[in-house]
Amino acid sequence: MNKRCVFRVTSIITLCFALLLTFSLSAFASGSGPFHFGFKRSVNGKLPSIDQEGFKELLKKHGAVFMGDSSKKELYMTFDNGYENGFTAGILDTLKAKKVPATFFVTGHYVKTQTELLKRMTAEGHIIGNHSWSHPDVSTISAEKLTEELDRVKSEVTKVTGQKEMKYLRTPRGVFNERSLAVSKELGYTNVFWSLAYKDWDVNAQRGSQYAYEKVTAQLHPGAVMLLHSISRDNAEALGRIIDEARKQGYEFKSLDDMEIKAP
């Protein structure tokens, strides 16, 4: 390859990178995303924050929430159920014994394989939320495909449980953009993110129930939306103690349906 060809190829590559960077910066600057939900964690009871994440106004615009009323010692327990790992029945046992309501965000795989657990969730007063049918990156699919993903979960859950409404959505991996927020809002969903979480989803890196207990209770704060993964053995074993400690600190567990003042 002669020098002129090398120069042209280099110029084309440079131009492509420049266009890609311009597009990325433009998307960020416009606030349209895509974004991966993140937040500044609560420490010593101080409130968490999304002030520096670049998407606060976008969430506000589309009615998304990540915590409830920060003036009240209320907690909202939510679980992501992408697949079953043998712990959800025990989690339900604990919630029933402690009289704690929860929301379970389920995928199509879970709906197809865990009908009895879904029936139990609704029978015991819990909410089933939408986690998409195939767990895609919703920022990369069309509005039509997203609608199909959400409608299928809602329809199949209704067939299994009789739950006719499905009002809450948690997008897979917390990834979203303005299109996903707008489309899901139009379909009647409130996007629910979270203000309390830890790395609990890696089934090969479970560190014991005491670790789960400490990670969760250290982040308790008024209005917290708690994200736990039901595939975690640590969560299942620590859940009862977490609930007891929260109540000892004066917290009350509420359903998402009871959330009055919503953040951001």
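Here, the structure is the one placed above.
Okay, so let's go over this structure. (Residues numbered from 1 in each chain as written. Predicted model: local features only at pLDDT ≥ 70, side-chain atom pairs only at ≥ 80, totals over all residues. Heavy atoms only, no water.)

**Looking at the overall build of the chain**
Right, so step 1: Helices and strands together make up the secondary structure of the chain, namely nine helices and nine strands.
Right, so step 2: Looking at the chain as a whole, 50% of its 264 residues qualify as buried.
Right, so step 3: Surface accessibility of the chain: about 13,100 Å² in total, with carbon and sulfur atoms responsible for 54%. (Helix = DSSP H or I, 4+ residues; strand = E, 2+ residues; numbered from the N terminus. Buried < 20%, exposed > 50% of the residue type's maximum accessible area, 1.4 Å probe, protein only. Areas by Shrake-Rupley, 256 points an atom, 1.4 Å probe, with all protein chains shown as cover.)

**As for the pattern of salt bridges**
Right, so step 1: On inspection of all chains with the given rule, the structure shows 14 salt bridges.
Right, so step 2: One salt bridge in this structure joins Arg120 and Asp93, with 2.5 Å as the shortest N-O distance. Pair noted here: Arg120 is in helix 5 (residues 115–123) and Asp93 is in helix 3 (residues 88–98), with a separation of 27 residues, a long-range link.
Right, so step 3: Judged by relative accessible area, which is 21%, Arg120 ranks as partly exposed.
Right, so step 4: The partner of Glu124 in a salt bridge is Arg120, and the shortest N-O contact between them spans 2.7 Å.
Right, so step 5: Among the residues examined, Glu124 registers a relative accessible area of 26% and is labelled partly exposed.
Right, so step 6: When salt bridges that share partners are traced, they join Asp93, Arg120 and Glu124 into one network. (Salt bridge = Lys/Arg side-chain N within 4 Å of Asp/Glu carboxyl O.)

**Structural notes on the environment of Tyr189**
Right, so step 1: As for its placement among the helices and strands, Tyr189 is situated in the loop between helix 7 (178–186) and strand 7 (190–191).
Right, so step 2: With 127 residues separating them in the primary sequence, Tyr189 and His62 have C-alpha atoms 10.0 Å apart.
Right, so step 3: With residues up to four places along the chain from it excluded, the contact list for Tyr189 reads Asn130, Leu150, Lys154, Met166, Lys167, Tyr168, Leu169 and Ser184.
Right, so step 4: Engagement of the side chain of Tyr189 in a polar contact is seen with the side chain of Asn130, the distance being 3.0 Å. (Contact = heavy atoms within 4.5 Å. Polar contact = N/O pair within 3.5 Å; in protein donor to acceptor, adjacent residues only side chain to side chain.)

**Focus: the packing of helix 3 against helix 9 (residues 233–248)**
Right, so step 1: The contact between helix 3 and helix 9 brings their axes to 9 Å, and the two run at 25°. With respect to helix 9, the element helix 3 is oriented roughly parallel. Like other packed secondary-structure pairs, helix 3 and helix 9 cross with a definite hand, here right-handed. Where helix 3 abuts helix 9, its residues Ile91, Thr94, Leu95 and Lys98 lie against Ala236, Leu239, Gly240, Ile243, Asp244 and Arg247.
Right, so step 2: Of the residues that constitute the contact of helix 3 with helix 9, the class distribution is five nonpolar, two polar and three charged. (Axes fitted to C-alpha atoms, helices over the stretch in contact; angles between N-to-C directions. Parallel < 35°, antiparallel > 145°, perpendicular 65-115°, else oblique. Left-handed = near helix turned anticlockwise from the far one by under 90°. Nonpolar A, V, L, I, M, F, W, Y, C, P; charged D, E, K, R; others polar.)

**Let's talk about the packing of helix 6 (residues 143–161) against helix 7**
Right, so step 1: It is at 10 Å that the axes of helix 6 and helix 7 come closest, and there the two elements cross at 50°. Here helix 7 runs oblique to helix 6, going by the angle between their axes. Handedness of the crossing formed by helix 6 with helix 7: right-handed. Residues Ala143, Leu146, Thr147 and Leu150 of helix 6 lie in contact with helix 7, whose contacting residues are Arg179, Ser180, Val183 and Ser184.

**Some words on the packing of aromatic side chains**
Right, so step 1: As enumerated under the stated definition, the model contains 12 aromatic pairs in all.
Right, so step 2: In textbook terms, an aromatic cluster arises when at least three aromatic residues are bridged by ring pairs, as seen for Phe35, Phe37, Phe39, Phe55, Phe66, Phe176, Phe193 and Trp194.
Right, so step 3: Its guanidinium or amino end placed over the ring of Tyr251, Lys73 lies 4.5 Å from that ring's centre, counting from NZ or CZ.
Right, so step 4: Here the basic side chain of Arg241 rests over the ring of Tyr213, its NZ or CZ set 4.1 Å away from the ring centre. (Phe/Tyr/Trp six-rings, centres within 6.5 Å; stacked < 30°, edge-to-face > 60°. Lys NZ or Arg CZ within 6 Å of the ring centre and 35° of its normal.)

**Description of the nonpolar core**
Right, so step 1: In this structure, Met77, Phe79, Leu95, Phe104, Val106 and Met226 are the most contacted members of the largest nonpolar core, which totals 46 residues.
Right, so step 2: Considering each element in turn, this core owes the most residues, six residues, to helix 9.
Right, so step 3: Other than its neighbours up to four places away in sequence, Met77 contacts Leu95, Val100, Pro101, Ala102, Thr103, Met226, Leu239, Ile243, Phe253 and Lys254.
Right, so step 4: Counting residues in each nonpolar core, the second largest holds 26 residues, with Phe55, Val65, Phe66 and Phe105 among its members. (Core = buried A, V, L, I, M, F, W, Y, C linked by side-chain atoms within 4.5 Å.)

**A closer look at the pairing of strand 3 (residues 102–106)**
Right, so step 1: Buried residues dominate strand 3, accounting for five of its five residues.
Right, so step 2: Of the two faces of strand 3, both are covered, the one formed by Ala102, Phe104 and Val106 as well as the one formed by Thr103 and Phe105.
Right, so step 3: The pairing of strand 2 (residues 74–81) with strand 3 spans five bridges and is classified as parallel. Note on strand 3: the bridge partner recorded for Thr78 is Thr103.
Right, so step 4: Once you follow strand 2 into helix 3 and on to strand 3, the crossover reads as right-handed.
Right, so step 5: Across four bridges, the pairing between strand 3 and strand 4 (residues 127–130) is parallel. The partner of Phe105 across the bridge, within strand 4, is Gly129. (Pairing = 2+ DSSP bridges. Right-handed = clockwise from strand over helix to strand, strands pointing away.)

Read these as geometric descriptors, not functional statements.
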